[in-house]
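Here is what each chain is made of, one letter per residue.
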Amino acid sequence: MRLIREIGNWLDERLQLGAPIRETMQHPIPRDTASWFYVFGSAAMTAFGLQLVTGILLALIYVPSAGEAWNSLQILNHQVSLGWFIRALHGWGSNFMLAIVLVHMVQVFLFGAYKFPRELTWILGVFLLLMTLGMAFTGQVLRFDQDAYWGLGIGASIASRVPIVGPAVVKLMLGGPIIAGATLSRFFTLHVFVIPGSLMLFVGLHVLLVLKVGINEWPMPGRLVRRADYLEKYHTMTRTQGVPFLPYGVWKDAVFSGVILLAIAACALYFGPFGPTGQPDPRVIQTAPRPDFFFLWLYALLSLLPPSLETPVLLIGPVIALIVLLVLPFFSGEGEKSWKRRPIAVLTILLIAVALGTFTNLASHAPWSPVMDAWTGAPIPAKFVSGRTPLQIHGALVFQSKQCHNCHALGEIGGKRGPALDAVAVRLTGDQLVRQVLQGGGNMPAYGKNLNPAETTALVAFLETLHPSGQAAARDAFLRPGEQP
Amino acid sequence: MSDLSRRQMFLKIAALFNGAVGVLLAIPIVRYVLSPVTGAGKSGYESWLSLGSIDQFPSGETRLATYRNPVAQASDGETADIPCWVRHVDNNRFQVFAINCAHLGCPVRWFPQSGLFMCPCHGGAYYSDGSRASGPPERGLFEYPFKILDGKLHIQAGELLTPGPSARVDDKTPDSTRPPCA
């Protein structure tokens, strides 16, 4: 024990770090900030620490080469002892880190912590969010599988839409004219050197600012922030009612960080690592690439936007969002901090949360994607074919063989790209069905060239049977009952 | 001139000197970083590549073919072989479509029964001649220019075709109604 103290003293005589560290740890914080609401920042840092450690461990095995990466992930998953667990920790750690960063941001926003004098802390935080998202995207590319390969194509297609410099941005992003070995190398560089390095620098500055400016006090309704007297009031508060950061603030941080680490480990153990999916072989086109969880909302947005709005929203949307986040502390740097008197702030958060949640939920079903194998893999339920005439049965066959089922569901089975056809005969008369099938329209391709008259007749005969038993099929109002057109 | 202001002048000269050295070093560094963009004019980015004998592509049918990235490196692995759809219209008139959907680049699949290309991502669909049928794409499938040399089908390719302004390849492509180049 004495020896340890002597070594400590010897080191500190030279480093002289003991006193400033003690001072930092003992600095007074407002009593009510030693709260469970103030643990998310440190938890995000803990998750980042876990990512650094597991990332270095993965780099021991991972080969950043387009020809080898996928195999090295298989080796990690199946051959290296507990390689799968380190991969799972890294994958789940990434999801947790992003989630905690978002929660931290929401808490900071609702507590008005971005207001004077903590504007710069917020701005650094916005960049930290961008970098965390950047880590998630580049990490998804490093899991060099089918999703990563086609995801790069999607990224390139989005980047190419930037006016004037678009093509140059694409080549810069891919490291050449096409997705290849150089592409993976540069995403490896981004994911392992550039972004983590910047993240560490920004995290350091972010934490330094929290210590220098002081943690945001618990917001009280009616206690307004004014540039003129805020600092004086804050320092009076910490002097008179403050408590030392260690142990008052730290123990809750430590407990929550431990819980988060445990939760990540539990998810890693229970759910295992993410992928990799199929080999990154572009010749294998039987694939439907999906982005990782935190980019699903974007996948939904890109499917649901009208084509004409897509490029403007993709290119201008992020710029506006970034500007709004960056100027927020200057636009509303004073005034009320408490969420109880900031209804618009609360509604904004709710609106964004509901929108992102809805898009994410939609994207996990992806009703806009055709079910590419429904025409061979999903039979028409028996109730739609039993008791039908031979012509109508032939129509059902045409429905399958011409891939109608890929986009149209019958009895909840099949694609949802187009409307379900369970009761189509109630909506459209026979003539209207013929016109719709042959000419298309309303987001449906025209089948005129690919159906012969016999097939069309059979298909429409089948479609005309699709109405509930108690509800008559649609009929042309200009015809007398029983009259044929 | 006092000693202090003398030293300050030296410091300024030192800073200027370092600035000049920095600029000198920055020139090769920036050129290195931008080489994927500036190399675009050089040979290899767009080359005539063989898809094999035209006998593999029966008249009236659309088949998947593969070409090799003209600037392939050893580390590219499987990514060096890139697929495309070849439609033999008739009498050596071809259309060669990029595999990438014109919306966001996902791989489109050909369904001969319904004569449609369908995209699994956002549901874009194209007719057999590559023109847009439905869904989010704003245009038809990208086409590669082609020619026939010694009984082999060649296409001009090597660049990822994206919906941005770079990808107006089919503006210079012969469409199926024009006579073939060879």
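Per chain, residue numbering runs from 1 following the sequence as it is written. Labels are handed out in written order, letters beginning with A for the chains and numbers beginning with 1 for the ligands. Local features in this predicted model are restricted to residues whose pLDDT is 70 or higher, and side-chain atom pairs enter the listing and the counts only when it is 80 or higher, whereas totals over whole chains, interfaces and linings include all residues.

## Quick look at the overall build of chain A
Stated formally: Helix numbering and strand numbering both begin at the N terminus, where a helix is a DSSP run of H or I of at least 4 residues and a strand a DSSP run of E of at least 2. What the globule rule says is 2.2 Å times the number of residues to the power 0.38, and the radius of gyration is computed from C-alpha atoms. Counting other C-beta atoms within 10 Å of its own, a residue is labelled buried from 20 upward, exposed at 12 or fewer, and partly exposed in the gap between, with every C-beta atom placed from the backbone.
A tally of regular secondary structure across chain A gives 21 helices and two strands. Since a compact globule built from 485 residues should have a radius of gyration of about 23 Å, the 30 Å found for chain A marks it as more spread out than a globular shape. With the C-alpha coordinates of chain A rotated into their principal frame, the extents come out at 100 × 60 × 45 Å. For chain A, buried positions account for 35% of its 485 residues.

## Describing the pairing of strand β4 (residues 93-98) of chain B
Residue and element names in this part refer to chain B. Basically, it comes down to this: Pairing between strands is defined by DSSP: at least two bridges between them are needed.
Within β4, five of the six residues are buried, which leaves the element mostly enclosed by the surrounding structure. Pairing of strand β3 (residues 81-90) with β4, which is carried by six bridges, proceeds in the antiparallel orientation. Bridged to Cys-84 within β4 is Ala-98. Between β3 and the antiparallel strand that follows it, β4, lie two residues; Asn-91 among them carries a positive phi value of about 40°. Where β4 meets strand β9 (residues 143-144), two bridges bridge the pair, whose relative direction is antiparallel. Paired with Phe-97 across the two strands is Glu-143, which belongs to β9.

## A look at helix α1 (residues 3-33) of chain B
All names here are of chain B. To keep things clear, this is the line we draw: Expected helix span is given by 1.5 Å per residue-to-residue step, counting one fewer step than there are residues. Values of bend correspond, residue by residue, to the angle between axes fitted over the seven residues ending at that residue and the seven starting there.
When the terminal C-alpha atoms of α1 are compared, their 44 Å separation across 31 residues agrees well with the 45 Å that a helix rising 1.5 Å per residue should span. Along its length, α1 reaches its greatest deviation from straightness, about 25°, at Ala-26, and the proline Pro-28 lies no more than four positions downstream. Of all the 31 residues making up α1, zero are buried; the element is thus mostly uncovered.

## What to know about unusual backbone geometry
Residue and element names in this part refer to chain A. Following Phe-116, the chain continues into Pro-117 via a peptide bond in cis, with omega recorded as 5°. Note that Pro-117 resides in the loop between α5 (83-110) and α6 (119-142). Each neighbour pair has its own omega, and for Gly-275 with Pro-276 the value is 0°, a cis peptide bond. Counting through the fold element by element, Pro-276 comes out in the loop between α12 (250-271) and α13 (296-304). Even without glycine at this site, Ile-164 takes up a positive phi of about 65°. When you line up the elements, Ile-164 lands in the loop between α7 (146-159) and α8 (166-174).

## Focus on the sheet that holds β9(B)
Pairing is antiparallel across the open sheet formed by four strands, whose spatial order is β2-β3-β4-β9 (chain B). Looking at which strands have only one partner, the edges of the open sheet turn out to be β2 (62-68) and β9 of chain B.

## Thoughts on the sheet that holds strand β5 (residues 109-111) of chain B
All names here are of chain B. Inclusion rule: All axes are obtained by fitting lines to C-alpha atoms, using only the stretch in contact for helices, and the reported angles, taken between N-to-C directions, cover 0 to 180 degrees.
Spatially, four strands are ordered β5-β6-β7-β8 in an open sheet, and the strand pairing comes out antiparallel. Either end of the sheet is taken by a strand with one partner, and the two such strands are β5 and β8 (132-134). Averaged over all adjacent pairs, the angle separating strand axes in this sheet is 35°, with direction ignored. The sheet contact formed by β5 and strand β6 (residues 116-118) spans three bridges and is antiparallel. Residue Arg-109 lies in a different strand from β6, and its bridge partner there is Met-118.

## Considering the nonpolar core
Quick reminder of the rule: Put simply, a nonpolar core is a cluster of buried Ala, Val, Leu, Ile, Met, Phe, Trp, Tyr and Cys residues tied together by C-beta atoms within 7 Å. Two residues form a contact once the distance between their C-beta atoms, set from the backbone, is within 7 Å.
Counting residues in hydrophobic clusters, the biggest one holds 101 residues, and the most contacted among them are A:Ala47, A:Ile100 and B:Cys84. Top element by residues in this core is α5(A). It accounts for eleven residues. Once residues lying within four places of it in the same chain are set aside, the contact partners of A:Ile100 are A:Phe40, A:Ala43, A:Ala44, A:Ala47 and A:Ile260. Counting residues in hydrophobic clusters, the runner-up holds 22 residues, among them A:Ala409, A:Leu428, A:Leu433 and A:Val460.

## What to know about the domain arrangement of chain A
Inclusion rule: Domain start and end points were adopted from an automatic or database domain assignment.
In terms of domains, chain A is made up of domain 1 (27-365) and domain 2 (374-463). Placing a centre on the C-alpha atoms of domain 1 of chain A and another on those of domain 2 of chain A gives a separation of 46 Å.

## Overview of the environment of A:Gly249
Residue and element names in this part refer to chain A. Note on placement: Gly-249 falls in the loop between α11 (245-248) and α12. Residue classification places Gly-249 among the buried residues on the basis of 23 C-beta atoms within 10 Å. The spatial distance from the C-alpha of Gly-249 to the C-alpha of Val-103 is 19 Å, given a sequence separation of 146 residues. When sequence neighbours within four positions are dropped, the list of residues in contact with Gly-249 reads Ile-29, Thr-33 and Ala-34.

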